[in-house]
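# Inside the fold
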Amino acid sequence: MIVPAPAAARARRLILLADDSTTTLAIASAGLEQAGYDVVTATRGDEALALAHERRPQLFVLDLEMPGLDGIEVLRSLRADPLFAQAPVMLLTSHMAQRDVQAGLDAGADAYVVKPFSPLDLASRVGDLLRCR
Amino acid sequence: MIDEAAFDELRSFGDDFLVELVGQFTEETDALLRQLRESFDAGDTTAVGRIAHNVRGSAGQLGGRALASACDRVERNAITGDPTGRAIDLRAVELEYGRLRLALAERLTFVGVAP
């Protein structure tokens, strides 16, 4: 017997990707869209926050270095906002020093992925984070 | 010159995607390298480090390890090195970018899609 999935499970999940590199946005978007997610993108941190309130994504993937607001500042704003305080947030960055990883996790990130990344692995990590919520 | 595993994964999204991506990368990087040179000439090492960091990330995604390494050296020297900028080797970045552009065009031709 096939049990229909609940409506909430059938709905496509919306991911907000923020990175100042349009090349990186295109690659990450391709992996996530192929995995069945809807994606909205921002190239600035302040643009990401505005887009979050407009589109209400279920998960955030944030670069650390962005104009406007950096990824840590965006993350802190999300954690201070009741709408997104519990939303999964992944940091995606070329900063690989342990102190950078720790700063990201201390600010409330759920995952930290170092570039270069595999877009297929990225989609898999996003799926893991969403299943944990 | 190109990390084949990274390139093959990008190719799995389709030839149209690959052509568009390479075009987007070169357009973005052309502009960034102009800004990099202008920032260097203006003595703005903070901007030099930030731009090199940006190019490092996208170059690595397209499998351009040598360009990513050259950008990494510029970024490190911009942040921690000689404040006069003499240790910042923009020529290496520009040289590796030229090589990567050529290699990407050759790979697109090799897999049968026009660059």
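An account of the accompanying structure is given in this report. What you are looking at is a predicted structure, and each value in this text was computed from that prediction instead of being measured.

## Re the overall build of chain A
Looking only at helices and strands, one finds six helices and five strands in chain A. Along chain A, helices (α) and strands (β) appear in the sequence α-β-α-β-α-β-α-β-α-β-α when read from the amino end. Its C-alpha radius of gyration of 14 Å places chain A within 12% of the 14 Å reference for a compact globule of 133 residues. With respect to the principal axes defined by its C-alpha atoms, chain A has extents near 50 × 30 × 25 Å. Within chain A, buried positions represent 50% of all 133 residues. Across chain A, every contact between residues at least 6 apart in sequence was considered, and the portion connecting residues at least 24 apart equals 59%. Summed over all atoms, the accessible surface of chain A reaches about 6300 Å², with 53% contributed by carbon and sulfur.

## What about the sheet that holds strand E3 (residues 59–62) of chain A?
Backbone-to-backbone hydrogen bonds join strands into a sheet, with any given pair of strands oriented parallel or antiparallel. All names here are of chain A. Reading across from one edge, E2-E1-E3-E4-E5 is the order of the five strands in this open sheet, with parallel pairing throughout. Unpaired on one side and paired on the other, strand E2 (38–42) and strand E5 (111–114) mark the two borders of the sheet. Strand-to-strand twist across the sheet, computed as the mean angle between neighbouring axes with direction ignored, equals 20 degrees. Pairing between strand E4 (residues 89–93) and E5: four bridges, direction parallel.

## Overview of the nonpolar core
By size, the foremost hydrophobic cluster in this structure holds 57 residues, and its most contacted members are A:Val126 and B:Leu67. The residues touching B:Leu67, leaving out its near neighbours within four places in the chain, are B:Phe25, B:Val55, B:Ala59, B:Val93, B:Glu96, B:Tyr97 and B:Leu100. One finds A:Ala18, A:Leu49, A:Met66 and A:Val74 within the second-largest nonpolar core, a separate group that totals 25 residues.

## Digging into the side chain of A:Asp19
All names here are of chain A. Within the secondary structure layout, aspartate 19 lies in the loop between strand E1 (14–18) and helix H2 (22–34). Among the polar contacts listed, one links the side chain of aspartate 19 to the side chain of lysine 115, at a separation of 2.7 Å. In contact with aspartate 19, other than residues within four places in its own chain, are Thr24, Leu25, Ala42, Thr43, Asp63, Met66, Leu92 and Lys115.

What counts and how
Residues numbered from 1 in each chain as written. Chains lettered and ligands numbered in written order. Predicted model: local features only at pLDDT ≥ 70, side-chain atom pairs only at ≥ 80, totals over all residues. Heavy atoms only, no water. Helix = DSSP H or I, 4+ residues; strand = E, 2+ residues; numbered from the N terminus. Rg over C-alpha atoms; globule rule 2.2 N^0.38 Å. Buried < 20%, exposed > 50% of the residue type's maximum accessible area, 1.4 Å probe, protein only. Contact = heavy atoms within 4.5 Å. Areas by Shrake-Rupley, 256 points an atom, 1.4 Å probe, with all protein chains shown as cover. Pairing = 2+ DSSP bridges. Axes fitted to C-alpha atoms, helices over the stretch in contact; angles between N-to-C directions. Core = buried A, V, L, I, M, F, W, Y, C linked by side-chain atoms within 4.5 Å. Polar contact = N/O pair within 3.5 Å; in protein donor to acceptor, adjacent residues only side chain to side chain.

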